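Single-letter residue listing:
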Amino acid sequence: MIDKCNRGRCNGFVINGLWLDKSGFNRFGWAVKLSLALILQVGAFSGLHAQEHSESQRATKQSAIKQRAIHLSGCIIQAPIPGAKATGAYVTINYQGSATIALVGAAFADLAARVEIHEMTMKNGTMSMQAIDKLTLNSGDTQLKKGGYHVMIMGLQQELLPNETYTMTLMFDQHPPATCEAVVKSVADIH
Ligand SMILES: [Cu+2]
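We now turn to the structure provided with this report. (Residues numbered from 1 in each chain as written. Predicted model: local features only at pLDDT ≥ 70, side-chain atom pairs only at ≥ 80, totals over all residues.)

## Some points on the pairing of strand S8 (residues 126–131)
Inference 1: Counting buried residues in S8 gives zero out of six residues, a small share hidden from the surface.
Inference 2: In the sheet, strand S7 (residues 114–123) pairs with S8 via six bridges, with the strands oriented antiparallel. Across the sheet, Glu119 pairs through a bridge with Gln130, a residue of S8.
Inference 3: The turn linking S7 back onto S8 is made up of two residues, and Asn124 within it adopts a positive phi angle of 50°. (Buried ≥ 20, exposed ≤ 12 C-beta atoms within 10 Å, placed from the backbone. Helix = DSSP H or I, 4+ residues; strand = E, 2+ residues; numbered from the N terminus. Pairing = 2+ DSSP bridges.)

The structure is reproduced here in structure tokens:
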């Protein structure tokens, strides 16, 4: 199921591969057939937004306690060029710990897109990028940035506009996941 909502602006939904706009959703009376869990997942009903918000805040607080060894900052999504279905996301991961851990994946639930960790390599004088299974983190800062290691978002089905935010989740080996709010920035605003 793909949620076509972004920060409260909703066009409709894709449920089990079936596109429903808002009016179609109501017209077919599907709402009554959906379980509460599904409705919460769709998250498009304004009445539920406030509740969702406090729930996610509570979850964030709880995970913040668990995630004290990892701190994410500078979370950015590069605005894709018009029509492009892929773009990069950047973040600085600060890890404080003695054991070596690894970044093993990333996700954007709001985008429902394919997300990979990429490295840049020089091949025959040309820069190219490819997916990696893990990025080892030593204690201190690891930067995922333009031209270096980055999070790659692919299969975008919606426009990403500057100043919009999307929750990025990073998954680690030997550490619970961590989240940050990634701001969409135009390429000129990324340094
Ligand atoms: Cu890439």
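## Quick word on the environment of Ala84
Inference 1: Relative to the helices and strands, Ala84 is located in the loop between strand S4 (70–78) and strand S5 (87–95).
Inference 2: Take Ala84: there are 11 C-beta atoms within 10 Å of it, and that puts it in the exposed class.
Inference 3: Sequence-wise, Ala84 and Met154 are 70 residues apart; in three dimensions their C-alpha atoms are separated by 9.2 Å.

## A word on the nonpolar core
Inference 1: Judged by nonpolar contacts, the single largest core of 30 residues is most densely connected at Ala89, Val91, Met168 and Ala182.
Inference 2: Those elements that provide at least two residues to this core are S4, S5, strand S6 (101–107), S7, strand S11 (150–154), strand S12 (165–173) and strand S13 (175–185).
Inference 3: Ranked by residues supplied to this core, first place goes to S5 with five residues.
Inference 4: Residue contacts for Ala182: discarding those within four places in its chain leaves Cys75, Ile76, Ile77, Ala89, Thr165, Tyr166 and Met168. (Core = buried A, V, L, I, M, F, W, Y, C linked by C-beta atoms within 7 Å. Contact = placed C-beta atoms within 7 Å.)

## Quick word on unusual backbone geometry
Inference 1: Its identity as a non-glycine residue notwithstanding, Asn124 has a phi of 50°, on the positive side.
Inference 2: Structurally, the position occupied by Asn124 is in the loop between S7 and S8.
Inference 3: Overall, Asn124 belongs to the exposed group, with 5 C-beta atoms counted inside 10 Å.
Inference 4: Of note, the phi angle at Gln174 is positive, near 70°, even though the residue is not glycine.
Inference 5: Secondary-structure assignment places Gln174 in the loop between S12 and S13.
Inference 6: With 12 C-beta atoms counted inside 10 Å, the residue Gln174 sits in the exposed group.

Bear in mind that shape data such as this cannot, by itself, settle questions of function.
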